Structures are given as C-alpha cells and as structure tokens.
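Reading the structure
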Amino acid sequence: MAADFSGIEFSDEENMLRQMVREFAQKEVAPTAEHTDRTGEFPWHNVNRMKELGLLGVPVPQEYGGAGLGRVGYCIVVEELGRACNSTANAFGAHASLCESPLVYYGSPELKQRYLPRLAKGEILGAFALTEPNAGSDAAALQTTAVKEGREWVLNGSKVFITNGSVADVVVVFAANDKKLGAHGGITAFLVDAKSDGFKVGKKDDKMGIRGSDTVPLFFENLHVPEENVIGNVGEGFKVAMGTLDSGRCGLGAGCMGAAMRCLELGLDYAKGRQQFGQPIVAFEAIQFMLAEMAEMIYTGRLLAYHVARKMDKGERVTMESAIVKTYCSEAGMKCADFAVQIHGGTGFMAEYPVQRLFRDARVTKIYEGTNEIQRLIIARELLKRFP
Ligand code: CAA
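Bear in mind that the values here come from a model prediction, so they are computed numbers and not experimental data.

1. Side note on the overall build of the protein chain
What the protein chain contains, in helices and strands, is 11 helices and 10 strands. Expected size for 388 residues packed as a compact globule is a radius of gyration near 21 Å; at 21 Å, the protein chain falls within 12% of this value. Expressed as a percentage of the 388 residues in the protein chain, the buried residues total 56%. Within the protein chain, contacts between residues separated by at least 24 positions form 74% of all contacts whose residues are at least 6 apart in sequence. As presented, the protein chain carries roughly 16,600 Å² of accessible surface, and 54% of it is formed by carbon and sulfur atoms. Taking the 43 positively charged and 48 negatively charged side chains of the protein chain as two groups, their mean positions are separated by 2 Å.

2. Concerning helix H10 (residues 354-363)
Buried residues of H10: Val355, Gln356, Arg357, Leu358, Asp361 and Ala362, and no others. Against helix H2 (33-39), helix H5 (86-106), helix H7 (237-273) and helix H9 (319-344) lie the buried residues of H10.

3. Details of a nonpolar patch on the surface
Together, Phe349, Met350 and Tyr353 line one region of the surface with nonpolar side chains, adding up to about 340 Å² of accessible area. When you line up the elements, methionine 350 lands in the loop between H9 and H10. What makes methionine 350 partly exposed here is its relative accessible area of 40%.

4. Regarding the pattern of salt bridges
A complete count under the given rule lists 26 salt bridges for this structure. The residue arginine 49 makes a salt bridge to glutamate 28 at a minimum N-O spacing of 2.7 Å. Highlighted residues: arginine 49 in helix H3 (residues 44-52) and glutamate 28 in helix H1 (residues 12-29), separated in sequence by 21 residues. A salt bridge links glutamate 132 to lysine 159; its shortest N-O distance comes to 2.9 Å. Here glutamate 132 is found in the loop between strand E1 (126-129) and strand E2 (145-149), whereas its partner lysine 159 is found in strand E3 (residues 152-163), with 27 residues between them in sequence. The same class applies to glutamate 132 as to lysine 159, namely buried. Taken together, the shared-partner salt bridges in this structure form one network comprising Arg22, Glu80, Arg83, Arg262 and Glu265.

5. Observations regarding the pairing of E1
Residue alternation in E1 divides its side chains into two sets, Gly126 and Phe128 and Ala127 and Ala129, and both sets are buried. Across 4 bridges, E1 lies against strand E4 (residues 170-176) in parallel orientation. Bridge pairing in E4 places glycine 126 opposite valine 170.

6. Some details on the layout of surface pockets
Its volume calculated, the second largest pocket comes out at about 240 Å³. Along its surface, the second largest pocket is lined by 18 residues, and Ala30, Ala84, Arg262, Pro354 and Arg357 are the ones closest to its centre. Elements that contribute at least two residues to the lining of the second largest pocket include exactly H2, helix H4 (70-84), H7 and H10. Looking at the lining of the second largest pocket, the element that brings in the most residues is H10, giving 4 residues. A breakdown of the residues in the lining of the second largest pocket according to their chemical character gives 10 nonpolar, 2 polar and 6 charged. Of the residues that make up the lining of the second largest pocket, three or more belong to each of domain 1 (2-125) and domain 3 (239-386).

7. Let's talk about the domain arrangement of the protein chain
Where interface size is given, it is often the accessible area lost as the parts come together that is meant. Its domain assignment divides the protein chain into domain 1 (2-125), domain 2 (127-236) and domain 3 (239-386). Taken over C-alpha atoms, the centre of domain 1 sits 19 Å from the centre of domain 3. With 32 residues of domain 1 in contact, the opposing surface of domain 3 contributes 33 residues. Counting the surface lost from both domain 1 and domain 3, the interface buries some 2,900 Å², and carbon and sulfur atoms represent 60% of this.

8. Brief notes about the site of the ligand
Taken together, 26 residues lie around the ligand, and Ser137, Thr163, His184, Arg249 and Arg381 are the ones closest in. In the model, an oxygen atom of the ligand is placed 2.9 Å from a nitrogen or oxygen of the lysine 239 side chain. Considered on its own, the ligand offers 1,100 Å² of accessible surface; in the complex 77% of this is hidden by protein. Taken together, the elements giving at least two residues each to the shell around the ligand come down to E3, H7 and helix H11 (372-386). Per element, the largest residue contribution to the shell around the ligand is 7 residues, and it comes from H7.

9. Points about the packing of aromatic side chains
What the rule picks out here adds up to 7 aromatic pairs. When the ring of phenylalanine 10 is compared with that of tyrosine 306, the centres are 5.1 Å apart and the planes differ by 90°; the resulting orientation is edge-to-face. Taken together, the positions of phenylalanine 10 in the segment before H1 and tyrosine 306 in helix H8 (residues 285-313) put the pair 296 residues apart, joining distant regions of the chain. Each member of the pair phenylalanine 10 and tyrosine 306 is classed as buried. Each ring, one from phenylalanine 128 and one from phenylalanine 174, has its centre 5.1 Å from the other, and the planes form 65°; the classification is edge-to-face. Here phenylalanine 128 is found in strand E1, whereas its partner phenylalanine 174 is found in strand E4, with 46 residues between them in sequence.

10. As for the nonpolar core
The biggest cluster of nonpolar side chains holds 70 residues, and the ones touching the most others in it are Leu81, Phe92, Met294 and Ile343. Mapped by element, the contributors of at least two residues to this core are H1, H3, H4, H5, H7, H8, H9 and H10. Not counting chain neighbours up to four residues away, the residues in contact with leucine 81 comprise Phe24, Ala25, Val29, Met50, Asn86, Thr88, Ala89 and Phe92. In this structure, Phe128, Leu142, Ala176 and Ile231 belong to the second largest nonpolar core, which totals 29 residues.

The rules we used
Residues numbered from 1 in each chain as written. Predicted model: local features only at pLDDT ≥ 70, side-chain atom pairs only at ≥ 80, totals over all residues. Heavy atoms only, no water. Helix = DSSP H or I, 4+ residues; strand = E, 2+ residues; numbered from the N terminus. Rg over C-alpha atoms; globule rule 2.2 N^0.38 Å. Buried < 20%, exposed > 50% of the residue type's maximum accessible area, 1.4 Å probe, protein only. Contact = heavy atoms within 4.5 Å. Areas by Shrake-Rupley, 256 points an atom, 1.4 Å probe, with all protein chains shown as cover. Lys, Arg positive; Asp, Glu negative; His and termini not counted. Charge placed at Lys NZ, Arg CZ, Asp CG, Glu CD. Patch = residues over 30% accessible without salt bridge, like charges linked within 9 Å, V, L, I, M, F, W, Y side chains within 5 Å. Salt bridge = Lys/Arg side-chain N within 4 Å of Asp/Glu carboxyl O. Pairing = 2+ DSSP bridges. 1 Å grid on protein atoms, 1.4 Å probe; cavity = no way out; pocket = protein on both sides within 12 Å on 5 of 7 lines; lining within 4 Å. Points joined across faces, edges and corners; volume = space filled by probe spheres on them. Nonpolar A, V, L, I, M, F, W, Y, C, P; charged D, E, K, R; others polar. Domains from an automatic or database assignment. Buried area = accessible area lost by both parts, 1.4 Å probe. Near = heavy atom within 4 Å. Polar contact = N/O pair within 3.5 Å; in protein donor to acceptor, adjacent residues only side chain to side chain. Phe/Tyr/Trp six-rings, centres within 6.5 Å; stacked < 30°, edge-to-face > 60°. Core = buried A, V, L, I, M, F, W, Y, C linked by side-chain atoms within 4.5 Å.

Now the structure itself:
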C-alpha cells in the first residue's frame, strides 16, 4: 500500500517530477536498500540511474543545464528517495544540495558556467567539507588554512565526516584565510578538484545508519586552488556555509518525512496482518494511536518543509524557518521510526525487517547538518532579533 497525504499543492511540472521519482525510487531504489545497508557499499547503480534520469541537476537553474525546479524540486526528490533508501538520499543531498547550492547561490557566473552543467548532468559528483576534528558545532573554529600565493590559494588541514568525500570529483571546502577574523570575514569557500595534488582521502567510516552513504575524512597538503575557484568573496565563506546549510536543512526535513512515510506504511501493513487476542492488532487503540500520531507528524512536517522550500524559491532568507524544519522533521522522523519498531514488537528488532534500518538511519538526522541543539540556538537568536 502507499500512504499519501495531499495537503500540499504542486505545479504540474512538480507533480510530473514527483510521479517519475516515486516510480524510480519504489521500483529501482527501494529493492537495493537492504543490500546497501548490509554491505555499506556506495549505491553507484542508483546514482548512475539518477544521472540518466536527469535528477542530479533538479535544483540547478536551466541556464546552467539543470531542471530549474529549485528547492521544492529538490525536496520532492529527496523525500521520495528517503522513502526508498536513506543512503541514496544522502548521496543525492551532498551532491545536489550541499555542493550545487553554494555555486547556485554564491558562485561567480564564470564558476557556475564551468561547473554547474557538469554537476547537473552528473558528469562529476560533488561534496561539501566544513566539519573538522575541532570544529563541529563551532564551525567557525575551523583550522584548515588558505594562504594566497600569486594567483592561487594553498590549502592545508583536514576535514571529517565528509559525505561523498571519496566519490566526489569536486568538493566545496571552507578554510581560514585569516584566523583572527574567524566567522566575521576570515573564512573563504573554495571549489576544489579532488584530483589535485595534495588532496587525500582517509579511511571510510563505519556507521550505525545510512551505511551506504560514503563518509570519510579528507586531508589537504599544500593543495593548490586557482583563485577563480573561490565561491563568493574572499572572507565571506562562513556566510556561504550558513546559507548553504539553510537550504540543506530544509531538504533534510523532506527526506525525514519520506522515511517517516515508509515507517507508517510498514507499521500499517504489519498491524493489519498481525493477529493477537483473536484480532489484527490494528484493531487496538494503542496501535491506532501510534499510527495516528505518525500521520499527524508526517502531515505537519511535509507542510512545513514544502512551505519553507517555497519561501526559499522566492528568494527569502529562511534561517530560522529551516532550523525549525530541521528540528521538527528529524525528531518526528525518529519518533515515527520508533513507533514502527514498537508496532512490530520483537519482530521489529530483527535484522531482516526494514524498520530497524529506518530506526538506525533516522538517528543521524538529529545530529548532522547542525545538531538540533544548534538549531534551537539559531531559532532563539532569530526570535530575539525579531522580538528584541
Ligand atoms: N546566512 C547568512 N549569513 C549568516 C547566517 C546565515 N544563515 N548565519 C550566520 N551568518 C553570518 C552572521 O550574520 C555573521 O555575519 P557578520 O560577521 O557580518 O555579522 C557571521 O555569519 C557569523 O555568524 P554568527 O556570529 O552567528 O556565528 P557563530 O560562530 O556564533 O556560529 C552557528 C553560528 C549557528 C553556531 C554555526 O556555527 C552553525 O551553524 N554551526 C553548526 C555547523 C553545522 O551545521 N555543521 C554541519 C556540517 S555539514 C554536514 O553535516 C553535511 C554532511 O555531510 C551530512
């Protein structure tokens, strides 16, 4: 069965995209999710199919070879992928949101022209490298340095937990051009070619969830980057990082809702089939209330994510709103996964049932792209600005 909620209005084009991605995700991606989780292998087949279907450039403007469907289009793809396989949704997110967005929003016309068409076609894959061993929540404390030498920048330092880090051809890297200035003018964003000398990839991380998503540390040793590859202005990289994360967090919410929908579908199916005390367990209110609460959260989370995505597509700044989407949808997604396991009882704890994978996959959404504690800090700061 396919549970759905139609509270959101989509344009004809968005509906066509939704239909196409849903068909692809359900027919081709969902059957690979268990294998991807078990082996931890990067879902190359799914990514290559997305390339053939033109999905890797959905949010990229048409003038740069993309579909021009903006944040809403991006959310549609990530929601449907999240419903099928979270590892695949993550690979897509690091490419189509975290790598393409900084170029779309902040790149020079020349940089856009050089890279966006190839990223949109999937000829090259992208990643985003902000986090460091000593700069997680305190992203401005990054220690990777960028020193100008003639017409090039020379980068030294390291990054951790980089999604798509070993499979990407280009990586958006943040480095300090002036440590004293930090977030206020001392950080610059660069588009780095992964084939450059001095670009090194560390050992792949073994994770609790999203196990097929590629997560690695990166090392930069006298890595030369041409000055044309600065994204935005020198010293304004922190704003590039934060603006990119505003858009990423909104999409993350849609992905959580896709996975939550899958939890609801699995919970409903199991509850209808499982007999106890002489009747299907779905007849018990205790089970119905869990299903109802899941539906409430999915309905609300989807409305929220798409509402904020539309605001972004109108060019509005959504720093507070996307932090709200991120906290709400990640916590709702986690709760839905927990309910789905609970409805399955002991069966839900067994490795061969998909609900345990959804539960493990959901956990990271409260951590990455900024912990929920940092999101609440952002929300509180914005509140205080708006109601001084
Ligand atoms: N948009 C534009 N500009 C912004 C902004 C935004 N959303 N947020 C802040 N800025 C600007 C501020 O206006 C300020 O500019 P001025 O110097 O001109 O005043 C500057 O950036 C510094 O801002 P703050 O003073 O607010 O900076 P801070 O050091 O207090 O940090 C923070 C703020 C919110 C804690 C930030 O560090 C943060 O978001 N931390 C979490 C990091 C994070 O999300 N990491 C995730 C890594 S990516 C990932 O997980 C991807 C993956 O691979 C899965």
